[in-house]
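# A closer look at the structure
Chain residues, written in single-letter form:
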Amino acid sequence: MHHMNGVFGSGMGTMMSGGFFWIVLAIVFLYLLVKKSARNTGHNRQAVEKSAIDILNEEYAKGNISEREYARKKNNLMH
C-alpha cells in the first residue's frame, strides 16, 4: 500500500498538534477572562466608594448633616 504524507506529516501527528493548539488557546483565553474579571472587580469597588462620597456631599449640600458630621464621615470613607 502506498501512504501519502501531506505537507504537515501524517494525519495522526497533525491531529495531535492541532489538539495541543486548541488546548493552549483555551488556557490563554481562560487566563485573560479571569484577569479581566479581577480587574473589573477593583473598578466596581472604586465606583461604590465614589458613590458613597457623592451621597455624603449631597446630604451636606442639602443641610441634612452638620459640617462636623460631614468631616467625620468623609474621613471614615477615605480610610
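What you see is a predicted model; the values in this text were computed from it and never measured.

Parameters and conventions
Residues numbered from 1 in each chain as written. Predicted model: local features only at pLDDT ≥ 70, side-chain atom pairs only at ≥ 80, totals over all residues. Heavy atoms only, no water. Helix = DSSP H or I, 4+ residues; strand = E, 2+ residues; numbered from the N terminus. Buried < 20%, exposed > 50% of the residue type's maximum accessible area, 1.4 Å probe, protein only. Areas by Shrake-Rupley, 256 points an atom, 1.4 Å probe, with all protein chains shown as cover. Phe/Tyr/Trp six-rings, centres within 6.5 Å; stacked < 30°, edge-to-face > 60°. Salt bridge = Lys/Arg side-chain N within 4 Å of Asp/Glu carboxyl O. Patch = residues over 30% accessible without salt bridge, like charges linked within 9 Å, V, L, I, M, F, W, Y side chains within 5 Å.

## Describing the overall build of the chain
Broken down by element type, the chain carries two helices and zero strands. Counting only residues that meet the buried cut, the chain has 5% of its 79 residues in that class. By element, 65% of the accessible surface of the chain is carried by carbon and sulfur atoms, the whole surface being about 7400 Å².

## A few points about the packing of aromatic side chains
Scanning the model with the defined rule gives two aromatic pairs in all. Between F21 and W22 the ring centres are 5.2 Å apart and the planes differ by 75°, which places this aromatic pair in the edge-to-face class. A relative accessible area of 48% means that F21 is categorised as partly exposed. Aromatic pair Y60 and Y70: ring centres 4.5 Å apart, planes at 25°, arrangement stacked. Here the residue Y60 occupies a position in helix α1 (residues 11-62), and Y70 occupies one in helix α2 (residues 67-78), the gap between them amounting to ten residues. Y60 gets classed as partly exposed once you look at its relative accessible area, which sits at 34%.

## Remarks on the pattern of salt bridges
Overall, the coordinates contain one salt bridge when judged by the stated rule. Its salt-bridge partner being E69, residue K73 comes within 3.0 Å of it at the nearest N-O pair. Within this pair, K73 and its partner E69 are both found in helix α2, separated by four residues, close to a single helical turn. The class for K73 is partly exposed, based on a relative accessible area of 31%.

## Some remarks on a nonpolar patch on the surface
Residues F20, V24, V28, Y31 and L32 make up a contiguous nonpolar surface patch of roughly 510 Å² in combined accessible area. Positionally, V28 belongs in helix α1. The class of V28 is partly exposed, set by a relative accessible area of 42%.

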